[in-house]
Amino acid sequence: MTIHHSRRDILKGLGGAAALTTLGAGSFRTALAQTMADDKTWKQASGTTIQFISENTPPTTAIAANLEPFKKLTGIDVKITQLELGDLVKKVALDFGSGRSAYDVIYADPYQVVAPYHQGLMDLNTLNGKHGLPAVPKGLGDFIPTQLGAAGYFGNRKALYALPYDCPTMIWIYRKDLFDKYHDQMQKDLGFDPTPSDKITWEQYYQIAKWFNGDHVKEVKYGTGHQAKQYDSLMCDFSNVLMAYGGEYFHNGDQVGLLGTAKPGPCTLDQPAAIKAAQFYQKLLKIADPGSTSWDWTGVANAFENDRFAMMPEWHEFAGSLESGKLKGKVGYAPLPTGPARSANLYGGTGIGINGNATGKQKTAAWLFVVWATSPQTQLAGLKSKQGGGTPTRTSVYNMPEVKKASHPPTDMPNMLTADTMQVAWDSDHIGLRPKIPSWNQADTAVFTELSKMLAGQQSPEQTMKSAKHKIDSATGA
């Protein structure tokens, strides 16, 4: 990733000015923090208390454990409520409907908050560097483009509803120690280099998994594990295969996934590519660890850590916990395999936005918090946090020398071990984007319910896709 803005640009965006061309990365952050502290724009809502509602996520856990720098900078108190996503959505919907602002800053999931409730969120363009407020440091161009599109907008790029806050994305996580140990034998038996990368096809992934199922491997019992519980996790796991095979939930899937629409048209899960994806997924799950149909993302990660299987499609931010346990130094990361169409790595990131009902100092204080919480220095602090912390959504953070160094072991920022993989996974030709539509909750339920029936042997892949299409069309009114 390449930095396109100078350090001077950053300070200009914060309202300061200094000659920083000779400063190193550490001195730069110190100067940046001092410039922010000296700028009276950061004190204009001092004494205000704001409410931030968030899903239980690593970035919010890290911020909640270290709010003192923000309080010192602004004089603003932040009260944080962390909930399961479903409960958060209910509370946010009630808050929007009431015309009040019980929660000022909102963890705005693109699919469950932005798509159905974007009219309840403020257009952040009206605050960014306007009315005496600070601008986003380094500008919006510092956010990874696909993440800004998916997390920030709905329908078009006129109104900006959220700034990218976290970015969990599904990748191929595997036991590097076992792949290294058995590499030569696998290559001889399988007839291809089994080293995980997007050069491996899903069919080859299946063959690798089947190879590990044999008695010649003692360390694990199965080749692959999956988050195939009858839950949102099953839709996520399947979507990687669906998109790799060229299937989509709707026509013009890239646009529907990136910016979203209220009128996606007829569902396309009944098309040949989607049916072939379902057929392959059914075949793959037949040889996977049988516990897969009872696991969500946390369950499959725990099973992987307990030596059940050699590889899995999983959210990249689980690297932090995996590298902190008994598998430290034994885990590898790669983009997911390629299907007939491409390698697809499902994005699950979210932005933070501001309640449209917020007024006066609450609105000002909320904007100051959103800018601070998504700033490069706060994202770096999250990487170093022992309490939590996600991976950055900003190009400039990845370009910091200490972050670049941390992408290779030994490291005190374990999520950065996935950095090389993520630069590929977030490219426009690799990222997988589920539909950003107001009725996605109903569509999601239809997908994982029908897939569960297929995995239980109750219906064929073709019946599964056609039934899911029918339910999704009913939800969207197509």
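Enquirer: Is there a simple way to explain the packing of helix H9 (residues 202–212) against helix H12 (residues 272–287) in this structure?
Expert: Helix packing for two helices is described by the angle between their axes and how far apart those axes are. In the contact formed by H9 and H12, the axes pass within 10 Å of each other and the chain directions differ by 15°. When the axes of H9 and H12 are compared, the pair comes out roughly parallel. Note on packing geometry: the crossing formed by H9 with H12 is left-handed. Seen from H9, the contacting residues are Trp 202, Glu 203, Tyr 205, Tyr 206, Ala 209 and Lys 210; seen from H12, they are Phe 280, Lys 283, Leu 284 and Ile 287. Along the lines of polarity and charge, the residues of the contact of H9 with H12 split into seven nonpolar, no polar and three charged.

Enquirer: Looking at this model, I keep getting lost on the sheet that holds strand E7 (residues 309–315). Mind explaining?
Expert: Strand pairing in a sheet relies on backbone hydrogen bonds, with the paired strands running either antiparallel or parallel. Sheet architecture is open: four strands sit in the order E6-E7-E5-E8, paired in mixed fashion. Of all the strands in the sheet, just strand E6 (222–224) and strand E8 (331–334) have a single pairing partner and so form its edges. Here the strands of the sheet are splayed against their neighbours by 25° on average, with no regard to which way each runs. Direction of pairing for E6 relative to E7: parallel, over a ladder of two bridges. Its bridge partner lying in E7, Tyr 222 is registered against Phe 309. Where H9 meets the sheet, its contacts fall on strand E5 (170–175), E6 and E7, and the angle it forms with E7 comes to roughly 140°.

Enquirer: Looking at this structure, I do not really get the state of the cysteines. What am I missing?
Expert: By definition, a disulfide is the covalent link that joins the sulfur atoms of two cysteine residues. Counting across every chain of the model gives zero disulfides. Of the cysteine sulfurs around Cys 167, a residue in no disulfide, the closest is that of Cys 236, at 15 Å. The exposure class assigned to Cys 236 is buried, which follows from its relative accessible area of 1%.

Enquirer: Is there a simple way to explain the environment of Lys 79 in this structure?
Expert: Along the polypeptide, Lys 79 turns up in strand E2 (residues 77–83). You can call Lys 79 partly exposed: its relative accessible area is 45%. C-alpha of Lys 79 to C-alpha of Ile 50: the two residues are 29 residues apart in sequence and 6.2 Å apart in space. Each residue touching Lys 79, except ones within four places of it in the same chain, is listed here: Thr 49, Ile 50, Gln 51 and Phe 52.

Enquirer: Please clarify how the sheet that holds E2 should be interpreted in this entry.
Expert: Spatially, E2-E1-E3-E10-E4 is the arrangement adopted by the five strands of the open sheet, whose pairing is mixed. Each of the sheet's edge strands pairs with one partner strand only, and the pair in question is E2 and strand E4 (163–166). For this sheet the average axis-to-axis angle between neighbouring strands, irrespective of direction, equals 30°. Taken together, the seven bridges between strand E1 (residues 49–55) and E2 define a ladder with parallel strand orientation. Residue pairing in the sheet places Ile 53 in a bridge with Thr 81 of E2. Against the sheet, helix H6 (residues 110–117) touches strand E3 (105–108) and strand E10 (350–354), its axis set at about 115° to E3.

Enquirer: What should I look at first to understand helix H10 (residues 232–244) in this one?
Expert: Since one α-helical turn is 3.6 residues long, residues separated by three or four positions face the same way. The first and last C-alpha atoms of H10 sit 19 Å apart over 13 residues, in line with the 18 Å expected at 1.5 Å per residue. Along its length, H10 shows its largest kink, about 25°, at Phe 238. Positive backbone phi, approximately 90°, marks Gly 246, located one or two places after H10.

Enquirer: What should I look at first to understand unusual backbone geometry in this one?
Expert: Most of the time, phi is negative for any residue but glycine, and the peptide bond is trans. A cis geometry characterises the amide bond from Pro 409 onward to Pro 410, with omega recorded as -5°. Topologically, Pro 410 is positioned in the loop between helix H18 (401–405) and helix H19 (419–425). Backbone geometry places His 131, a non-glycine residue, at a positive phi of 55°. Of note in this structure, Asn 252 is not a glycine but carries a positive phi near 55°.

Enquirer: Help me understand the nonpolar core, please; the structure alone is not making it clear to me.
Expert: In terms of nonpolar packing, the biggest core is built from 100 residues, with Ile 208, Phe 212, Tyr 249 and Leu 269 touching the most fellow members. Per-element tally for this core: the top contributor is H12, with nine residues. Dropping the residues within four chain positions of it, Ile 208 is found in contact with Trp 172, Phe 179, Met 186, Leu 190, Phe 192, Pro 194, Ile 200 and Met 311. Of all hydrophobic cores here, the second largest spans 54 residues; its members include Ile 50, Val 78, Phe 143 and Ile 352.

Enquirer: What should I look at first to understand the packing of aromatic side chains in this one?
Expert: For any pair of aromatic rings, geometry is given as the distance between the ring centres together with the angle between the planes. Scanning the entire structure with this criterion turns up 23 aromatic pairs. With 6.4 Å between their ring centres and 65° between their planes, Trp 172 and Tyr 174 make a pair best called edge-to-face. Relative accessible area serves as the criterion here: at 0%, Trp 172 is assigned to the buried category. Both rings, one in Trp 297 and one in Trp 315, keep their centres 6.3 Å apart while their planes meet at 80°; by these two values the pair is edge-to-face. You can see Trp 297 sitting in helix H13 (residues 297–305) and its partner Trp 315 sitting in strand E7, a full 18 residues away along the chain. Of the residues examined, Trp 315 reaches a relative accessible area of 7% and is grouped as buried. Each residue in the set Trp 172, Tyr 174, Phe 179, Tyr 182, Trp 202, Tyr 205, Trp 211, Phe 212, Tyr 245 and Phe 280 is aromatic and connected to the rest through ring pairs, giving one cluster. Between Lys 229 and the ring centre of Tyr 231, over which it is positioned, the NZ or CZ distance is 5.8 Å. Between Arg 394 and the ring centre of Phe 143, over which it is positioned, the NZ or CZ distance is 4.3 Å.

Enquirer: How should helix H8 (residues 176–190) be read in this particular structure?
Expert: Relative to the 21 Å expected for 15 residues at 1.5 Å per residue, H8 spans just 18 Å between its end C-alpha atoms, considerably shorter than the ideal helical length. Within H8, the axis deviates most sharply at His 183, by approximately 65°. For H8, every residue scored as buried is listed here: Leu 178, Phe 179, Tyr 182, Met 186 and Leu 190. On the buried face of H8, the contacting elements are E5, H9 and E7. With its phi angle positive at about 85°, Gly 191 sits one or two positions after the end of H8.

The rules behind these values
As a convention, each chain's residues are numbered from 1 in the sequence order in which they are written. Local features in this predicted model are restricted to residues whose pLDDT is 70 or higher, and side-chain atom pairs enter the listing and the counts only when it is 80 or higher, whereas totals over whole chains, interfaces and linings include all residues. Each side-chain value is worked out from all heavy atoms of the structure, with water and hydrogens disregarded. Each axis is a line fitted through C-alpha atoms, taken for helices only over the stretch in contact, and angles between the N-to-C directions span 0 to 180 degrees. Strands here mean DSSP runs of E at least two residues long; helices mean DSSP runs of H or I at least four residues long; both are numbered from the N terminus. In what follows, roughly perpendicular refers to angles from 65 to 115 degrees, roughly parallel to angles under 35, roughly antiparallel to angles over 145, and oblique to any angle outside these ranges. Each helix crossing is assigned a hand: it is left-handed if the near helix lies turned anticlockwise from the far helix by less than a right angle, otherwise right-handed if that turn is clockwise. Contacts are residue-level and defined by heavy atoms, with any inter-residue pair within 4.5 Å sufficient. Charged means Asp, Glu, Lys or Arg here, nonpolar means Ala, Val, Leu, Ile, Met, Phe, Trp, Tyr, Cys or Pro, and polar covers whatever is left, Gly included. The pairing criterion is simple: DSSP has to find at least two bridges between the two strands. In what follows, a disulfide is any cysteine sulfur pair within 2.5 Å. For every residue, the accessible area obtained with a 1.4 Å probe (protein chains only) is divided by the maximum for its type, and the residue is called buried under 20%, exposed over 50%, and partly exposed between those limits. Each residue after the first adds 1.5 Å to the expected span of a helix. We define the bend at any residue as the angle between the axes fitted to the seven residues before and including it, ending there, and the seven starting there. What is meant by a nonpolar core is a set of buried Ala, Val, Leu, Ile, Met, Phe, Trp, Tyr and Cys residues, joined one to another through side-chain atoms within 4.5 Å. Working definition: a ring pair exists when centres of Phe, Tyr or Trp rings (six-membered ring for Trp) sit within 6.5 Å. Plane angles under 30 degrees give stacked, over 60 give edge-to-face, the rest tilted. Note on geometry: a ring has a charge over it if NZ (lysine) or CZ (arginine) is within 6 Å of the ring centre and within 35 degrees of the ring normal.

Taken by themselves, the reported measurements are silent on function.
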